[in-house]
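A structural walkthrough
Listed here are the chains, written in short residue letters.
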Amino acid sequence: MSRYRIPHHQFNIWCGWSPGTQTFFAQVWPIDGVDGNDGPLLRVGLTYGEIKSLEVLRSHLLPYTRIPNDIAFSLNVDFATSEPRAALQDLLCRIEATV
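Now for a quick tour of the structure. (Residues numbered from 1 in each chain as written. Predicted model: local features only at pLDDT ≥ 70, side-chain atom pairs only at ≥ 80, totals over all residues. Heavy atoms only, no water.)

On to helix 2 (residues 69-81). For helix 2, with 13 residues, the first-to-last C-alpha span of 18 Å sits near the 18 Å given by 1.5 Å per residue. Buried residues along helix 2 sit against strand 1 (4-6), strand 2 (11-18), strand 3 (23-30) and helix 1 (54-61). (Helix = DSSP H or I, 4+ residues; strand = E, 2+ residues; numbered from the N terminus. Expected span 1.5 Å × (residues − 1). Contact = heavy atoms within 4.5 Å.)

All right, on to the sheet that holds strand 2 then. Across a sheet, strands are paired by hydrogen bonds formed along the backbone, either parallel or antiparallel in direction. With antiparallel pairing, four strands are arranged side by side in an open sheet as 1-2-3-4. Two strands in the sheet have a free side with no partner beyond their single neighbour: strand 1 and strand 4 (42-44). This sheet shows a mean twist of 20° between the axes of neighbouring strands, independent of strand direction. The pairing of strand 2 with strand 3 spans eight bridges and is antiparallel. Considered in strand 3, the bridge of Trp14 is made with Gln27. (Pairing = 2+ DSSP bridges. Axes fitted to C-alpha atoms, helices over the stretch in contact; angles between N-to-C directions.)

Although it is not a glycine, Gln22 adopts a positive phi angle of roughly 50°. Among the structural elements, Gln22 can be located in the loop between strand 2 and strand 3. Among the residues examined, Gln22 registers a relative accessible area of 23% and is labelled partly exposed. (Buried < 20%, exposed > 50% of the residue type's maximum accessible area, 1.4 Å probe, protein only.)

Counting residues in each nonpolar core, the largest one holds 18 residues, and the members touching the most others are Ile6, Cys15, Leu57, Leu61, Ile67 and Leu75. Those elements giving two or more residues to this core turn out to be strand 2, strand 3, strand 4, helix 1 and helix 2. Ranked by residues supplied to this core, first place goes to strand 2 with four residues. Ignoring sequence-local partners within four residues, the contact set of Cys15 consists of Ser2, Arg3, Tyr4, Ile6, Phe25, Ala26, Leu57, Leu61, Ile71 and Leu75. (Core = buried A, V, L, I, M, F, W, Y, C linked by side-chain atoms within 4.5 Å.)

What follows concerns the environment of Thr65. Within the secondary structure, Thr65 is located in the loop between helix 1 and helix 2. Sequence spacing of Thr65 and Arg3 is 62 residues, and the spatial spacing of their C-alpha atoms is 16 Å. When residues no more than four places from it in sequence are discounted, the contact partners of Thr65 are Ile6, His8 and Ile13.

With that out of the way, let us pick up a nonpolar patch on the surface. A cluster of nonpolar side chains, namely Leu88, Leu91, Leu92 and Ile95, defines an oily patch on the protein surface of about 390 Å² accessible area. The topology assignment puts Leu91 in helix 3 (residues 87-98). (Patch = residues over 30% accessible without salt bridge, like charges linked within 9 Å, V, L, I, M, F, W, Y side chains within 5 Å. Areas by Shrake-Rupley, 256 points an atom, 1.4 Å probe, with all protein chains shown as cover. Salt bridge = Lys/Arg side-chain N within 4 Å of Asp/Glu carboxyl O.)

Put into structure tokens, the structure is as follows:
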């Protein structure tokens, strides 16, 4: 699994690719003390195959930030070079997603 921090002055932003769940993911958290909110402002890519493209990930993050070119490049490499899942792994994740 890859994980990258996107520098931002107002938020802690993380994104990455999870080959195990075949999804891109992102989290946006307020920096401590901002607006008194300590929970995540955004959490996406939590379920199997939820975000299948970098473009969809970008659309989720757009209200907060843009994905820098170097991180976008790394995410594309992570996606392109991840090992395909075995059929049994795929079946188990699909079953788990329905429970």
